[in-house]
Amino acid sequence: DPGDAIFIGTRGDIAIMLPGANGKRLASIAPGVAVGEMSLLEGEPRSADARAETDVTALMLARASFERIAADRPEVAAKLVRNFARLPSARLRRTTLELSTALEP
């Protein structure tokens, strides 16, 4: 996936998995949570796979639409970027806590 959009689930559960057929589950995403923000912001391919675990309905914001918002309403784009940046930050913080707990003697 080229990573040219962000998705926000509105119904159903999404699993975030390490890439590959036997990927390890990294996270479970509930409705209201966005996926794909890193690729949208960086312009890089996706770093993980997303798999629907139930029937899923999602909203999509394509990069072209985001760029149009940035050109027409920079203040709205700035708020979106701040919110998009919080998602991987919170996920990394949670992962760090889980790893540090797992590594404790």
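For the structure itself, consult the block above.
The rules behind each value
- Residues numbered from 1 in each chain as written.
- Predicted model: local features only at pLDDT ≥ 70, side-chain atom pairs only at ≥ 80, totals over all residues.
- Heavy atoms only, no water.
- Helix = DSSP H or I, 4+ residues; strand = E, 2+ residues; numbered from the N terminus.
- Contact = heavy atoms within 4.5 Å.
- 1 Å grid on protein atoms, 1.4 Å probe; cavity = no way out; pocket = protein on both sides within 12 Å on 5 of 7 lines; lining within 4 Å.
- Points joined across faces, edges and corners; volume = space filled by probe spheres on them.
- Nonpolar A, V, L, I, M, F, W, Y, C, P; charged D, E, K, R; others polar.
- Phe/Tyr/Trp six-rings, centres within 6.5 Å; stacked < 30°, edge-to-face > 60°.
- Buried < 20%, exposed > 50% of the residue type's maximum accessible area, 1.4 Å probe, protein only.

### Description of the side chain of Ser39
For step 1, the next point in the chain: Checked against the element boundaries, Ser39 lands in helix H1 (residues 37-42).
For step 2, the next point in the chain: Beyond its immediate sequence surroundings of up to four residues, Ser39 is in contact with Gly3, Glu44, Pro45, Arg46 and Arg63.

### Points about the layout of surface pockets
For step 1, the next point in the chain: Here the largest pocket defines a volume of roughly 820 Å³.
For step 2, the next point in the chain: Along its surface, the largest pocket is lined by 26 residues, and Ile16, Leu26, Ser47, Ala48 and Arg91 are the ones closest to its centre.
For step 3, the next point in the chain: If you list the elements that add at least two residues to the lining of the largest pocket, you get strand E2 (14-17), strand E3 (25-29), H1, strand E5 (49-52) and helix H3 (74-103).
For step 4, the next point in the chain: Here the lining of the largest pocket gets seven residues from one element, more than from any other, and that element is H3.
For step 5, the next point in the chain: Residue composition of the lining of the largest pocket, by class: 13 nonpolar, four polar and nine charged.

### Some details on the packing of aromatic side chains
For step 1, the next point in the chain: The final tally for this structure, using the stated rule, is one aromatic pair.
For step 2, the next point in the chain: With centroids separated by 6.1 Å and ring planes inclined at 45°, the aromatic side chains of Phe66 and Phe84 adopt a geometry described as tilted. With a gap of 18 residues between them, Phe66 in helix H2 (residues 63-72) and Phe84 in helix H3 connect regions that are remote in the sequence.
For step 3, the next point in the chain: Judged by its relative accessible area of 10%, Phe66 is buried.

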